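Understanding the architecture of this molecule
As a plain string of letters, each chain reads:
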Amino acid sequence: LTAGYAFLIFRQKIKSKTRRKAIVLRRVRKVFDGLHCCVGTALAVFAILCFVRVFRPQIYVPATVPATYKTSYTDAELLEMKTDFMRLTESSWNTLTLQEKLNSLQVVANLEQAYLGVPQTLTVVAADMEQRMCGYYRDSDWKIYMNKAHLETKSAETVLDTLCHEAYHAYQKRQVEVYCRVDERTRNLLMFRELESDFWESIFYADASTNYTAYYTQGIERDAREYAKKRVKVYERLVEQLQEEGE
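Residues numbered from 1 in each chain as written. Predicted model: local features only at pLDDT ≥ 70, side-chain atom pairs only at ≥ 80, totals over all residues. Heavy atoms only, no water.

Some remarks on the overall build of the protein
Short version of the rule: The helix and strand labels rest on DSSP assignments: H or I over at least four residues marks a helix, E over at least two residues marks a strand, and numbering proceeds from the N terminus. For each residue, the accessible area found with a 1.4 Å probe, counting protein chains only, is set against the maximum for its type, and the residue is called buried under 20%, exposed over 50%, and partly exposed in between. The Shrake-Rupley method, run with a 1.4 Å probe, gives the accessible areas here. Residue values count only the displayed protein chains as cover.
Looking only at helices and strands, one finds twelve helices and four strands in the protein. Taking all 247 residues of the protein together, 36% fall into the buried category. A total accessible area of about 15,700 Å² is found for the protein, and carbon and sulfur atoms account for 57% of it.

Encoded structure:
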């Protein structure tokens, strides 16, 4: 844009030879003024876009099923959750509203809290986020944020995998907390030696937005993926069992 402006300025012929130097200097100043204006406008637009990206209001949709803290669930209590488990079948999942999906996931999150022994409730929330993100766990408020678009379009298996993955991150955070509290000699125990890498990865965490390969190959992410796969199979077997009992 500046180059075009400069071309228009200098393409005009200078008729007065005696004032040629002054005219050229005046035109140079005009070009620089135009350059400053373009740069200033570009920086202002960039700043506005950054502000909108960072401070744009996020729309959160919470589950209406309460997050609960328990140490275990009885068979009778699990049976009461049959409706929520049956919603995890693909045929049923595709007919649910966003709120119904969230409520079923909150039931699963409650079970994950008890199974993992996490000392706090895990609340499930739907949020607008980048398409490539499935979800994330935020330890400051003990919430699992699920990608709203994924909830509306992805399969029950995919969404359930994300939930279990993020629930496991809450468990990993508690492991690291325990590791930090023990003394150096106690850290020599096998169970703590295996946690040392998690400790350092939690400090120098590689974010997917900056380096996806480093993010994906981290031990804490690998362990969360493996855990999620196992738990999804557990819930699938539970649903199959409930279906057989209902026939």
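Topic: the environment of Asn147
Here Asn147 is to be found in strand 4 (residues 143-147). Among the residues examined, Asn147 registers a relative accessible area of 1% and is labelled buried. Here the alpha-carbon distance between Asn147 and Glu130, two residues 17 residues apart in the chain, equals 7.9 Å.

Here we look at the pairing of strand 4
Put simply, the rule reads: The rule for pairing is simple: two strands pair if DSSP sees at least two bridges between them.
Of all five residues that make up strand 4, four are buried, and the element is covered over most of its length. Bridge count for strand 2 (residues 123-127) against strand 4 is five bridges, and the pairing is parallel. Among the inter-strand pairings, Ala127 is bridged to a residue of strand 4, identified as Asn147. In this structure, strand 3 (residues 135-138) lies alongside strand 4, joined through four bridges in antiparallel fashion. Each bridged residue has a counterpart across the sheet, and for Tyr137 the counterpart in strand 4 is Ile144.

Brief notes about helix 6 (residues 98-116)
This is how the line gets drawn: Expected helix span is given by 1.5 Å per residue-to-residue step, counting one fewer step than there are residues.
Across its 19 residues, helix 6 extends 26 Å between first and last C-alpha, which sits within 8% of the 27 Å expected from 1.5 Å per residue. Counting buried positions over the 19 residues of helix 6 gives 16, a clear majority of the element.

What to know about unusual backbone geometry
Unlike most non-glycine residues, Trp142 shows phi in positive territory, near 55°. Checked against the element boundaries, Trp142 lands in the loop between strand 3 and strand 4.

Comments concerning the sheet that holds strand 2
Selection rule: Axis definition: a line fitted to C-alpha atoms, limited for helices to the stretch in contact. Angles are taken between N-to-C directions and run from 0 to 180 degrees. It only takes one pair of heavy atoms within 4.5 Å for two residues to be counted as in contact.
Pairing is mixed across the open sheet formed by four strands, whose spatial order is 1-2-4-3. In this open sheet, the two strands that pair with only one neighbour each are strand 1 (60-62) and strand 3. Mean inter-strand twist for the sheet, computed between neighbouring axes without regard to direction, equals 25°. Looking at chain direction, strand 1 and strand 2 are connected through three bridges and run antiparallel. Directly across from Pro62, in strand 2, lies its bridge partner Val125. On the sheet, helix 6 packs against strand 1, strand 2 and strand 4 and is oriented at approximately 150° with respect to strand 2. Contacts from helix 8 (residues 156-181) reach strand 2, strand 3 and strand 4, with the element oriented near 25° to strand 3.

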